[in-house]
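This is what each chain is made of:
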2 protein chains.
Amino acid sequence: MKLSTKGRYAVTAMMDLAIHDREGPVTLSDISSCQGISLSYLEQLFAKLRQTGLVEGVRGPGGGYRLGKPSHQISVADIIMAVDENIDNTRCKGSKDCNKGEKCLTHHLWNDLSERLYDFLDGITLSEFIKNPEVRKISHRQDTTASRIANMFPPRSKAS
Amino acid sequence: MKLSTKGRYAVTAMMDLAIHDREGPVTLSDISSCQGISLSYLEQLFAKLRQTGLVEGVRGPGGGYRLGKPSHQISVADIIMAVDENIDNTRCKGSKDCNKGEKCLTHHLWNDLSERLYDFLDGITLSEFIKNPEVRKISHRQDTTASRIANMFPPRSKAS
DNA sequence: GTAATCTTGACTTATTTAGTGGGGATTATA
DNA sequence: TATAATCCCCACTAAATAAGTCAAGATTAC
């Protein structure tokens with residue numbers, strides 16, 4: 001279990017998808033300009049998200065990405081694990097006692113903790129976020145047309 | 001809230017201190033050889049842990065580090081925050097709406113999540129780990145002498 | 001006073017994150 | 001059918017961070 005800006009990007013992008021889920025697919029350009037993440041970097045992240053079935057891509061004009069399963073089946077842990085390619089966090093996987101006994105002991109304790117953390121994040125799904133009242137407001141007022149217009153301005157160059 | 005190997009090193013090292021707390025100070029050399037973390041890197045981490053009062057250094061022969069407060073007052077979140085110098089994780093701290101409304105919205109949602117995560121890790125203290133039965137065993141059988149002997153072998157060179 | 005230890009700081013290297021660029025493939029729409 | 005919008009994939013670079021090295025000093029038990 002690891003938690004970095006990479007995971008944060010993925011989670012917030014997925015939140016974005018969840019928020020606009022019923023308005024059809026969301027383009028990466030939208031997310032890029034909207035959240036200030038570079039388009040190509042998003043592409044890399046979404047490649048992983050797609051491989052694990054968390055999103056599905058819709059090609060062609062009017063396409064984009066949408067959630068691969070209902071939002072209540074996508075946990076924060078799922079997203080982070082998908083992009084942060086799980087570091088084999090101790091080297092002594094499980095039963096091998098890697099050096100003395102003691103090294104393995106702290107590894108064991110860490111694994112306990114890591115597992116608890118995973119369970120915690122696995123219990124939080126995207127659906128919880130779209131219940132947020134502020135989300136509802138935005139989700140209603142911001143229709144697809146608006147984002148299309150925003151998209152006419154080149155999103156690749158760095159916004160000052 | 002960030003979670004990387006750096007934080008993991010700090011947490012497992014602190015676990016080590018907690019385990020051997022009553023046997024007097026633990027040297028960084030011990031932790032280094034025992035857990036396979038480089039001595040100088042540990043020094044950097046412990047400098048931060050000391051600044052935040054999580055550990056206290058004891059100089060001179062027989063010295064080392066010991067916990068700066070009772071283990072039940074040291075949470076995992078404390079340790080991680082001490083070494084992982086909190087990334088200002090959104091840039092728009094709090095009330096500023098950083099771009100459109102939407103960017104700030106996902107930031108807000110992320111902050112919610114981050115806060116929940118913090119609270120979770122703040123609820124887990126070192127004292128929980130030393131209650132582990134396996135820890136008790138090790139803690140008893142491994143007396144200070146043993147670690148001193150191990151310490152006679154140069155810990156700086158890379159063990160193959 | 002000597003050796004074991006902490007303490008500090010400057011430096012190097014490895015790894016990861018983030019971003020760039022370009023060349024496709026697919027498909028809605030004109 | 002042509003065009004443009006989009007996903008998709010790959011190889012590369014740049015920046016940031018993690019991890020480790022080296023060296024010099026401070027403090028204290030013995």
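Preceding block: the structure.
Residues numbered from 1 in each chain as written. Chains lettered and ligands numbered in written order. Predicted model: local features only at pLDDT ≥ 70, side-chain atom pairs only at ≥ 80, totals over all residues. Heavy atoms only, no water.

> Go over the protein's contact with DNA strand D with me, naming the residues and quoting the values.
R50 and Y65 of chain A together with T5, S40 and R59 of chain B are the nearest of the 29 residues found near DNA strand D. Per the 4 Å cut-off to the protein, sugar and phosphate atoms form 69% of the nearby atoms of DNA strand D. Within the side chain of R59 of chain A, a nitrogen or oxygen atom sits 3.4 Å from a sugar or linking oxygen of DNA strand D. Between a phosphate oxygen of DNA strand D and a main-chain N or O atom of K6 of chain B, the distance comes to 3.1 Å. For the surface near DNA strand D, the secondary structure elements donating two or more residues are helix 3 (39-51), strand 1 (55-58), strand 2 (64-67) and helix 8 (144-151) of chain A together with helix 1 (5-19) and helix 3 (39-51) of chain B. (Near = heavy atom within 4 Å. Polar contact = N/O pair within 3.5 Å; in protein donor to acceptor, adjacent residues only side chain to side chain. Helix = DSSP H or I, 4+ residues; strand = E, 2+ residues; numbered from the N terminus.)

> Can you break down the pairing of strand 2 of chain A residue by residue, with the values?
Sheet analysis places strand 1 of chain A next to strand 2 of chain A, joined by four bridges and oriented antiparallel. In the strand pairing of strand 2 of chain A, V55 of chain A is matched with L67 of chain A. (Pairing = 2+ DSSP bridges.)

> Could you give me a rundown of the pattern of salt bridges, with the residues and numbers involved?
Residues and elements named next belong to chain A. Summed over the entire model, instances satisfying the criterion amount to four salt bridges over all chains. Residue E56 pairs with R66 through a salt bridge whose shortest N-O separation is 3.4 Å. A residue pair is termed long-range when its members are at least 10 positions apart, and E56 in strand 1 and R66 in strand 2 qualify at ten residues. Of the residues examined, E56 reaches a relative accessible area of 36% and is grouped as partly exposed. (Salt bridge = Lys/Arg side-chain N within 4 Å of Asp/Glu carboxyl O. Buried < 20%, exposed > 50% of the residue type's maximum accessible area, 1.4 Å probe, protein only.)

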